[in-house]
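# Close look at the chain arrangement
Each chain is listed here by its residues.
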Amino acid sequence: MRRVTSFFFLASLFCVTFEKIHWNFAGTVSLADVLAILFLISFVVTTARFVVPRTTMILLGFFAAFLLVFLIGYFNLSDSDALQQWAKGLTKWVIHFAFLAAAVVWISRRGQHYFWRSLGWFSAGLAANCVYGILQLLSAKAGHNLDRTLLSPLTGGASSINIYGAVGGQSVYRPNALTGDPNHLGIMLCVPLLTLLPVYLRLEAGHRLRRPLALALAFMFVVQLATLSRSGLLGLGVGLLVLVVPYRRFAVSRALLYPLGAVALVLAYVLYARWSYFSVVLRSRVQTGGASSSAHFAVYDFIPKIIHSNPLLGLGLNNFSVYYEFVTGKTNWGPHSFWVALLVETGLVGLLLFVVFLRYVYVRRHAARRLGRALRDRRVLPLAWGLTAALTGTIAANFFYLTMQFYYFYGLLALALALPIVFAKRR
């Protein structure tokens, strides 16, 4: 059973970003849902008697506090549609948070080697997503729909690569891979890029993982650029600012300049070969007055209205789309900002509680960095900085998009919170 539990856990981390693999059964059930539930069941069976880390006890306290806010928010629901959305959102959130609490216990019990395995499978899942995204892009260029060939027979649904527009009669494709949206893919890629970058920079010159990590980071960065996601680049930029101070001496190192130079050469060749095409695309992405940019900023106009009508607890969990349909007439429309959704759906109380929760995560990040310095470990301290940068970049990117509700964010939190527990045993 221990091996079975480990399989489901590592499989959950690997598939945590595979949003397109889902089935319409009692709502939308994704592959990540199935694996997470199987992990939780096997975890309960396997761990009949165990010591719960203090971190997990605090997480359970936050679980109770969040649940109380969501349950009280039930009384602000307006109709049956709002109730249905609230029930869906609450079910997803319970699975996510239960997975987070159990993952911290599971990783902390299995030790340092297992922690690195977990991080490896999590990053490998995003790398696999990138590989599929490139194949998806090449297939679309050839006039084929890779999703229809590979995914539709499995899921019974329909999906395809994102078509941004057209230039001179040629479609502009943005790979969304298995995530469902190019912006989701761009923001999710901030996590492995920022987490693994400082670890890679501190590897010894002859280390066996140095070259594979360099290739993987360069490849994922190219895919992130291919998504044309401004939110993804915002998150990456903010995360790099976090790493500037502790790793500024590596800014002119060969370890960093060689991969960046290779990426720059590839981009220069692509842009030079089709400059008239890409110049139009790039100009459209740097504009701030288009319809896409207006939608990202327009959702902030809802904040004063909700604070005036339901200031403390908002409209109810997962009910932004219901309110948006009532105001605009558009159905099934989510907010373009996690923070707007948080304030609209849970009010000032929910926003304050989530900020306190994030503060606790940052306190544990500080403990991990302090532990890395005490151990003088060339892996723990860079990883602690990398996870801090990844968390900060994800928070920044979600001011204009919505991915912090997804499974991958809880996988990131599990790794971040388990790090100081696992490596404190060496002290």
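Refer to the structure printed above.
So, here's what we can say about the structure. (Residues numbered from 1 in each chain as written. Predicted model: local features only at pLDDT ≥ 70, side-chain atom pairs only at ≥ 80, totals over all residues. Heavy atoms only, no water.)

## Digging into the layout of surface pockets
Size it by volume and the second largest pocket reaches roughly 880 Å³. Forming the walls of the second largest pocket are 30 residues, and the residues nearest its centre are L225, A226, L228, L267 and F278. At the level of secondary structure, the elements contributing two or more residues to the lining of the second largest pocket comprise helix 5 (112-141), strand 4 (170-174), helix 10 (210-226), helix 11 (230-244), helix 12 (254-273) and helix 13 (275-286). A per-class count over the lining of the second largest pocket returns 23 nonpolar, 3 polar and 4 charged. (1 Å grid on protein atoms, 1.4 Å probe; cavity = no way out; pocket = protein on both sides within 12 Å on 5 of 7 lines; lining within 4 Å. Points joined across faces, edges and corners; volume = space filled by probe spheres on them. Helix = DSSP H or I, 4+ residues; strand = E, 2+ residues; numbered from the N terminus. Nonpolar A, V, L, I, M, F, W, Y, C, P; charged D, E, K, R; others polar.)

## Observations concerning the pattern of salt bridges
Between side chains of opposite charge, a pair can form when the charged atoms approach closely. Overall, the coordinates contain 3 salt bridges when judged by the stated rule. Of the charged contacts in the structure, one is a salt bridge between K20 and D147, with a shortest N-O distance of 2.4 Å. Highlighted residues: K20 in the loop between helix 1 (2-14) and strand 1 (22-24) and D147 in helix 6 (residues 146-150), separated in sequence by 127 residues. Each member of the pair, K20 as well as D147, carries the same accessibility label: buried. Across the salt bridge formed by R379 and E204, the nearest N and O atoms sit 2.8 Å from each other. Placement of the pair is R379 in the loop between helix 17 (338-375) and helix 18 (380-397) and E204 in the loop between helix 9 (190-201) and helix 10, with a sequence separation of 175 residues. (Salt bridge = Lys/Arg side-chain N within 4 Å of Asp/Glu carboxyl O. Buried < 20%, exposed > 50% of the residue type's maximum accessible area, 1.4 Å probe, protein only.)

## Some words on the environment of D377
By secondary structure assignment, the location of D377 is in the loop between helix 17 and helix 18. The exposure class assigned to D377 is buried, which follows from its relative accessible area of 14%. Residues D377 and V356 lie 21 residues apart in sequence; the distance between their C-alpha atoms is 30 Å.

## Concerning the packing of aromatic side chains
Applying the stated criterion across every chain, the model contains 36 aromatic pairs. Relative to Y410, the ring of F97 has its centre 6.3 Å away and its plane inclined at 70°; by these criteria the two rings are edge-to-face. A residue pair is termed long-range when its members are at least 10 positions apart, and F97 in helix 4 (residues 80-110) and Y410 in helix 19 (residues 407-424) qualify at 313 residues. A ring pair is formed by F409 and Y410, whose centres lie 6.1 Å apart and whose planes are at 85°; its orientation type is edge-to-face. Exposure class is identical for F409 and Y410. Each is buried. Against the face of Y114 rests R110, its NZ or CZ located 4.6 Å from the ring centre. (Phe/Tyr/Trp six-rings, centres within 6.5 Å; stacked < 30°, edge-to-face > 60°. Lys NZ or Arg CZ within 6 Å of the ring centre and 35° of its normal.)

## Side note on unusual backbone geometry
Phi at A177 takes a positive value of approximately 50°, unusual for a residue other than glycine. Positionally, A177 belongs in the loop between strand 4 and helix 8 (182-188). The backbone of L228 shows a phi angle near 55°, a positive value even though the residue is not glycine. Of note, L228 is situated in the loop between helix 10 and helix 11. Owing to a relative accessible area of 17%, L228 belongs among the buried residues under this scheme.

## Remarks on the packing of helix 5 against helix 9
Direction vectors running N to C along helix 5 and helix 9 enclose 135°, while the axes themselves pass 9 Å from each other. Considered as vectors, helix 5 and helix 9 are oriented oblique to each other. Here the hand of the crossing between helix 5 and helix 9 comes out left-handed. Side by side, helix 5 and helix 9 meet where L119, F122, S123 and L126 of the first sit next to V191, P192, T195 and L196 of the second. (Axes fitted to C-alpha atoms, helices over the stretch in contact; angles between N-to-C directions. Parallel < 35°, antiparallel > 145°, perpendicular 65-115°, else oblique. Left-handed = near helix turned anticlockwise from the far one by under 90°. Contact = heavy atoms within 4.5 Å.)

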